[in-house]
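# Structure assessment
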Amino acid sequence: MTSTAKYTDQSARRRLRREVPSAAAVLADEQDFRAMSRYRTFPFDDHRSYLRQMENLLRTLASQGVLTTLSLFDPVAFEKYCADLTLDPDRPDSRSRYTAEVARTGATLTYQGEPLHRLLPLLVEEADRQATWDHASAVLARAGDCPECGDDLARAAFARATQALQQLLEALGSGTHHLVCSVAAGDPSLLAVLHATAQEGARLQLAESDTLVFCTVLAAGFALRTPGGIVSRTTTGYDTTGYDTTGDPAHDTVRGWSLRDGWPRALSAAEVFTAYCTDAETGEPIPPEHGVDHAPGLPLTPPPDPHHHG
């Protein structure tokens, strides 16, 4: 009777364990790993071995039916977290508390059995996306209210950015579009990337999270009237061999817009060439890519802007 009850209790605990999610934070690169290696209680001295052990743990949890949320472990943020809460960073329970906090507030992905080397770039990309959104949202919040009508300028700018993106994608038409929006707002500058695919008679395909970040960055440029721009690179009508339907080699079309007076203003072909073929850091010219056409930006019609008072 006692053994049966014990077995039943153990079985119930195993079933309950499957309903209690787990969280793991991984040191994605060698530099972050070395930063944590200075702690005496950190049990690893080799990054590859650490990643292998982490993947084995994730797979074991998945095989037991346990859902695991994966995030990035940032040694700098961890040190600050411990300082703010007066925790000893050289303790396993401090690392556990930080992991739980990052799983609650940071960029995460759900582990579904993928090899870790494939999942980590996606996790880094997700963390970069959230960091950009956080930065852009903070910049946008500084816009405040319109001094004349009291409207929320951030909300108005976001609506305007949504209209601008919609017009831009309609103007570009069919094809696969790679859009980059940059806004000079603090250090580092805001940068958002959006991929969109448009085909005749088909619904426009674009990621909701990337669209949100793109519009937020663009809205920050609109609201604060800061310098910025948009570059599009469009591929149309090519098959998997890299040739178009007539057999000609594939080529892409690059267009550009600058942000002026709270709206994207089309650049000329020469301005697009200069912007695309100049190193942003050094100002030195860059050889143009083979198979890339530099075309003028397409004109976009600005809606009325009741909050621009010169």
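Because the structure is a prediction, the values reported are computed rather than measured.

## Quick notes on the overall build of the chain
Regarding its fold elements, the chain presents nine helices and 10 strands. When the 310 residues of the chain are sorted by exposure, 35% land in the buried category. The contacts in the chain between residues at least 6 apart in sequence include a share of 63% that link residues at least 24 apart. Surface summary for the chain: the accessible area is close to 18300 Å², and the carbon and sulfur share equals 53%.

## Considering the environment of Thr301
Along the chain, Thr301 falls in the segment after strand E10 (292-294). The exposure class assigned to Thr301 is exposed, which follows from its relative accessible area of 58%. With 133 residues separating them in the primary sequence, Thr301 and Leu168 have C-alpha atoms 9.8 Å apart. In this structure, Thr301 is in contact with Gln167 and Trp263, ignoring residues within four places of it in sequence.

## Concerning the pairing of strand E2 (residues 68-72)
The buried fraction of E2 is high, at four of five residues. In this sheet, E2 lies alongside strand E1 (residues 22-26) in parallel orientation, the contact comprising five bridges. Bridge pairing in E2 places Ala23 opposite Thr69.

## A closer look at the pattern of salt bridges
Between side chains of opposite charge, a pair can form when the charged atoms approach closely. Across all of its chains, the model carries nine salt bridges by this definition. With a shortest N-O distance of 2.9 Å, Asp252 and Arg233 are connected by a salt bridge. Placement of Asp252 in strand E8 (residues 252-259) and of Arg233 in strand E7 (residues 228-235) is noted, with a sequence separation of 19 residues between them. Grouping residues by exposure puts Asp252 and Arg233 together as buried. By sharing partners, the salt bridges in this structure join Glu125, Glu126, Arg129 and Asp210 into a single network.

## Topic: a negative patch on the surface
Residues Asp29, Glu30, Asp45 and Asp46 make up a contiguous surface patch of negative charge. Mapped onto the elements, Asp29 comes out in the loop between E1 and helix H2 (30-37).

## A look at the environment of Asp45
Within the secondary structure, Asp45 sits in the loop between H2 and helix H3 (47-63). Assessed through its relative accessible area of 74%, Asp45 is described here as exposed. Separated by 12 residues in the primary sequence, Asp45 and Phe33 have C-alpha atoms spaced 8.6 Å apart.

## Brief notes about the side chain of Thr68
Counting through the fold element by element, Thr68 comes out in strand E2. When residues no more than four places from it in sequence are discounted, the contact partners of Thr68 are Ser22, Ala23, Ala24, Leu58, Leu61, Leu109, Thr110 and Tyr111.

## Regarding the packing of helix H7 (residues 153-172) against helix H8 (residues 208-224)
Interhelical geometry of H7 versus H8 gives an angle of 120° and a closest axis separation of 8 Å. What the angle tells us is that H7 and H8 run oblique. As for how H7 packs across H8, the hand of that crossing is right-handed. Side by side, H7 and H8 meet where Leu153, Ala157, Phe158, Arg160, Ala161, Thr162, Ala164 and Leu165 of the first sit next to Thr211, Leu212, Phe214, Cys215, Thr216, Leu218, Ala219, Phe222 and Ala223 of the second.

## Digging into the nonpolar core
Counting 32 residues, the largest nonpolar core has Leu179, Leu190, Phe214, Val217, Leu218, Phe222 and Ile230 as its most contacted members. Leave out the neighbours within four places in its chain, and Leu190 touches Thr132, His135, Ala136, Val139, Cys181, Ser182, Val183, Ala185, Val217 and Ala220.

## Examining helix H4 (residues 75-84)
For H4, the complete set of buried residues consists of Pro75, Phe78, Tyr81 and Cys82. When H4 is viewed along its axis, its buried side chains cluster within an angular range of 115° and face the same direction. Away from its buried face, by an angle of more than 90 degrees, H4 presents the exposed residues Val76, Lys80, Ala83 and Asp84. Against the buried residues of H4 lie H2 and helix H5 (92-105). Here H4 starts with a cap whose side-chain oxygen sits 3.0 Å from the backbone nitrogen of Val76, and that cap is Asp74. Immediately downstream of H4, the backbone of Thr86 shows phi near 50°, a positive value.

Calculation notes
Residues numbered from 1 in each chain as written. Predicted model: local features only at pLDDT ≥ 70, side-chain atom pairs only at ≥ 80, totals over all residues. Heavy atoms only, no water. Helix = DSSP H or I, 4+ residues; strand = E, 2+ residues; numbered from the N terminus. Buried < 20%, exposed > 50% of the residue type's maximum accessible area, 1.4 Å probe, protein only. Contact = heavy atoms within 4.5 Å. Areas by Shrake-Rupley, 256 points an atom, 1.4 Å probe, with all protein chains shown as cover. Pairing = 2+ DSSP bridges. Salt bridge = Lys/Arg side-chain N within 4 Å of Asp/Glu carboxyl O. Patch = residues over 30% accessible without salt bridge, like charges linked within 9 Å, V, L, I, M, F, W, Y side chains within 5 Å. Lys, Arg positive; Asp, Glu negative; His and termini not counted. Charge placed at Lys NZ, Arg CZ, Asp CG, Glu CD. Axes fitted to C-alpha atoms, helices over the stretch in contact; angles between N-to-C directions. Parallel < 35°, antiparallel > 145°, perpendicular 65-115°, else oblique. Left-handed = near helix turned anticlockwise from the far one by under 90°. Core = buried A, V, L, I, M, F, W, Y, C linked by side-chain atoms within 4.5 Å. Arc of directions from axis to C-beta. Polar contact = N/O pair within 3.5 Å; in protein donor to acceptor, adjacent residues only side chain to side chain.

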